[in-house]
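Coordinates in review
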2 protein chains.
Amino acid sequence: MKKNILIVEDHELTRFGLKTTFEDVDFVGVIYEAASAEEALEIFKNNSIDIVIMDLGLPNMNGIDATQAIHEINKETKIIILTSHNDEKEVLNSLKAGANAYCSKEINLQRLVNVVQSVADGAAWFDPSIAHIVLQATAKSDVGEPNTNYKDYDLTAREAQILKLMTEGYSNMEIAQHLVISVNTTKAHVASILQKLEVDDRLQAALKALKYKIV
Amino acid sequence: MKKNILIVEDHELTRFGLKTTFEDVDFVGVIYEAASAEEALEIFKNNSIDIVIMDLGLPNMNGIDATQAIHEINKETKIIILTSHNDEKEVLNSLKAGANAYCSKEINLQRLVNVVQSVADGAAWFDPSIAHIVLQATAKSDVGEPNTNYKDYDLTAREAQILKLMTEGYSNMEIAQHLVISVNTTKAHVASILQKLEVDDRLQAALKALKYKIV
DNA sequence: ATAATAATAAACTATAAGATGTAATTAAAT
DNA sequence: ATTTAATTACATCTTATAGTTTATTATTAT
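Here's what I pulled together on the structure shown here. (Residues numbered from 1 in each chain as written. Chains lettered and ligands numbered in written order. Predicted model: local features only at pLDDT ≥ 70, side-chain atom pairs only at ≥ 80, totals over all residues. Heavy atoms only, no water.)

Considering the overall build of chain A
- Each helix and strand in chain A was counted, giving ten helices and six strands.
- A total of 215 residues make up chain A; the buried ones form 49% of that total.
- Considering only intrachain contacts with a sequence separation of at least 6, the fraction spanning at least 24 residues in chain A is 63%. (Helix = DSSP H or I, 4+ residues; strand = E, 2+ residues; numbered from the N terminus. Buried < 20%, exposed > 50% of the residue type's maximum accessible area, 1.4 Å probe, protein only. Contact = heavy atoms within 4.5 Å.)

In structure tokens form, the structure reads like this:
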């Protein structure tokens with residue numbers, strides 16, 4: 001199964017280097033070249049392309065927008081960012097846009113070929129210069145902790161409902177109107193919530209609710 | 001610069017296969033072997049190890065805990081998870097624990113060698129079977145929006161400081177004590193904060209501060 | 001110098017919040 | 001069928017907590 005590659009890179013020299021590198025690789029089929037994002041989209045729409053190697057610093061439409069556009073057309077296409085930019089924002093925005101790998105231009109060519117091949121198979125790869133950004137971002141991702149860590153404070157349905165509204169910043173009056181009950185009732189519920197959550201006031205209740213993903 | 005590798009794997013067969021694979025690789029120095037997490041930690045503490053290849057399904061202490069323990073001892077050590085588990089929780093918890101790469105045991109040996117080498121250089125690599133988990137997690141990561149999207153409400157340093165304390169659920173009295181100023185002063189600052197954030201009360205202020213990552 | 005901004009504070013007000021007790025309604029248990 | 005417990009609901013009360021306003025001093029910029 002040969003893979004067709006689209007190289008998006010405005011500098012002819014680099015483009016030529018890339019093309020030459022991949023020409024001799026056995027898993028590579030047709031190699032397309034684009035010097036701008038616009039050209040890349042045109043080529044992408046009219047050909048069957050498996051892998052895109054994308055520079056970020058392009059004239060007019062930038063590489064991140066191009067990545068997003070391509071990703072929206074075909075989510076199966078693997079997009080490899082190849083750039084010298086390496087700040088956190090660029091990296092994460094690329095990934096948000098749909099990139100599967102992020103390479104520095106300093107990369108060794110043989111390694112680049114390996115990366116392209118494994119990314120074509122579905123892997124994700126991140127350059128040493130930015131790997132920490134990705135690792136930190138995933139480490140921060142909130143899986144496993146939603147609620148499970150702490151007790152769920154057996155609130156009644158109504159209490160949970162009111163707590164939810166509290167986390168949205170509503171006053172007792174507003175909550176009462178929302179639920180079409182008296183303010184007094186709302187207050188009673190709130191009092192009960194405060195007790196159950198073992199906090200002093202509604203602010204702390206709301207914060208705790210958000211922190212532990214109650215509601 | 002040769003790299004020393006520690007293989008942590010309870011099945012002798014797999015361990016032997018790994019060892020044999022890496023024995024002939026030129027960037028590899030000494031290869032250590034452990035059949036359990038406990039043994040691995042023992043070896044790790046007493047030797048200079050650059051790369052750990054870690055199985056997740058170990059007896060007693062599991063691979064994730066072992067990863068965490070090793071990472072805490074030396075954050076420079078690169079840890080490659082090699083496993084057949086591939087559910088989201090395992091993957092993300094591994095990365096939280098400090099892993100740098102995640103491989104399936106179905107991986108082609110030559111590719112594994114490439115992965116180990118590039119991870120040794122600082123790269124991050126994720127197997128096709130779980131790459132989407134990592135990519136989604138990073139895509140969700142909230143970078144780019146912290147503050148930048150919205151105005152930063154030019155709070156003064158003091159105001160920001162007080163807002164921070166508000167987001168931790170402190171009352172005006174408590175804030176005053178913390179900062180060793182009068183409650184009245186605190187109130188004045190709070191009033192100013194409410195105005196600048198265009199909200200009605202401290203609850204809303206705290207919520208907004210958290211949402212937009214002010215403070 | 002002068003103006004503007006920030007930090008501090010006191011006095012004032014009020015209302016919104018929270019505490020407490022109780023009644024009506026529903027569900028579970030015997 | 002009857003009791004018990006739990007949930008929802010409401011009113012009254014009190015106060016202290018929050019927020020407003022105005023003012024003084026200190027710092028910084030023009």
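Here we look at the relation of the copies chain A and chain B
- Of the transformation placing chain A onto chain B, the axial shift is 0.2 Å and the rotation is 178 degrees, giving an RMSD of 2.5 Å. What the rotation and shift describe, once combined, is the action of a two-fold rotation axis.
- Looking at chain A, 100% of its interface residues are interface residues in chain B too, so the copies touch through the same face. (Least-squares fit on C-alpha atoms with pLDDT ≥ 70 in both.)

Considering the protein's contact with DNA strand C
- Taken together, 16 residues form the shell around DNA strand C, and within it Lys187 of chain A together with Thr156, Arg158, Ser182 and Asn184 of chain B come nearest.
- Near the protein, meaning within 4 Å, the atoms of DNA strand C are sugar or phosphate in a fraction of 61%, with bases accounting for the rest.
- With respect to DNA strand C, the side chain of Asn184 of chain B contributes an N or O atom lying 3.1 Å from a phosphate oxygen.
- At 3.4 Å, a side-chain N or O of His189 of chain B approaches a phosphate oxygen of DNA strand C.
- In terms of residue class, the surface near DNA strand C is built from five nonpolar, seven polar and four charged. (Near = heavy atom within 4 Å. Polar contact = N/O pair within 3.5 Å; in protein donor to acceptor, adjacent residues only side chain to side chain. Nonpolar A, V, L, I, M, F, W, Y, C, P; charged D, E, K, R; others polar.)

Some thoughts on helix 7 (residues 157-166) of chain A
- All buried positions along helix 7 of chain A are accounted for by Glu159, Ile162, Leu163, Leu165 and Met166 of chain A. Along the axis of helix 7 of chain A, the buried positions cluster into a sector of 160 degrees, meaning they face one direction only.
- Contacts from the buried residues of helix 7 of chain A go to helix 8 (172-179), helix 9 (183-197) and helix 10 (202-211) of chain A together with helix 10 (202-211) of chain B. (Arc of directions from axis to C-beta.)

Section: the nonpolar core
- By size, the foremost hydrophobic cluster in this structure holds 68 residues, and its most contacted members are Leu6 and Phe126 of chain A together with Leu6 and Phe126 of chain B.
- Top contributing element to this core by residue count: helix 6 (residues 128-140) of chain A, with six residues.
- Leaving out residues up to four positions away in the same chain, Phe126 of chain A has contacts with Leu95, Asn100, Tyr102, Ala131 and Val134 of chain A together with Ala123, Ala124, Phe126 and Leu135 of chain B.
- Counting residues in each nonpolar core, the second largest holds 46 residues, with Val113 and Val116 of chain A together with Val113 and Ala123 of chain B among its members. (Core = buried A, V, L, I, M, F, W, Y, C linked by side-chain atoms within 4.5 Å.)

Digging into the interface of chain A and chain B
- The interface is formed by 38 residues belonging to chain A together with 39 residues belonging to chain B.
- Summing both partners gives a buried area of about 3,300 Å² for chain A against chain B, and 64% of it is carried by carbon and sulfur.
- Counting across the interface, chain A meets chain B through two salt bridges.
- Asp121 of chain B serves as the salt-bridge partner of Arg111 of chain A, at 2.7 Å between the closest nitrogen and oxygen.
- Here chain A and chain B share eight residue pairs in polar contact (both at pLDDT 80 or more) between them. (Buried area = accessible area lost by both parts, 1.4 Å probe. Salt bridge = Lys/Arg side-chain N within 4 Å of Asp/Glu carboxyl O.)

Concerning the sheet that holds strand 2 (residues 28-34) of chain B
- With respect to topology, twelve strands assemble into an open sheet ordered 2(A)-1(A)-3(A)-4(A)-5(A)-6(A)-6(B)-5(B)-4(B)-3(B)-1(B)-2(B), the strand pairing being mixed. Where the open sheet ends on each side, the last strands, each with one partner, are strand 2 (28-34) of chain A together with strand 2 of chain B. Mean inter-strand twist for the sheet, computed between neighbouring axes without regard to direction, equals 20 degrees.
- By the bridge criterion, five bridges tie strand 1 (residues 3-8) of chain A to strand 2 of chain A in an arrangement that is parallel. When the bridges of strand 2 of chain A are listed, Lys3 of chain A appears paired with Val28 of chain A.
- The sheet strands contacting helix 5 (residues 109-120) of chain A are strand 1, strand 3 (51-54), strand 4 (78-83), strand 5 (101-104) and strand 6 (124-126) of chain A together with strand 6 (124-126) of chain B, and the helix crosses strand 4 of chain A at an angle near 155 degrees. (Pairing = 2+ DSSP bridges. Axes fitted to C-alpha atoms, helices over the stretch in contact; angles between N-to-C directions.)

So, the pattern of salt bridges
All names here are of chain B.
- For the structure shown, the criterion picks out 14 salt bridges over all chains.
- Between Lys19 and Glu33 there is a salt bridge; the shortest N-O distance is 3.1 Å. Placement of the pair is Lys19 in helix 1 (residues 12-23) and Glu33 in strand 2, with a sequence separation of 14 residues.

A few points about the protein's contact with DNA strand D
- Of all residues adjacent to DNA strand D, which total 16 residues, the nearest are Thr156, Arg158 and Asn184 of chain A together with Lys187 and Arg202 of chain B.
- When atoms of DNA strand D within 4 Å of the protein are split into backbone and base, the sugar-phosphate part holds 57%.
- Between DNA strand D and the protein, one listed contact pairs a base nitrogen with a side-chain N or O atom of Lys187 of chain B at 2.7 Å.
- Partitioning the surface near DNA strand D into residue classes produces five nonpolar, seven polar and four charged.

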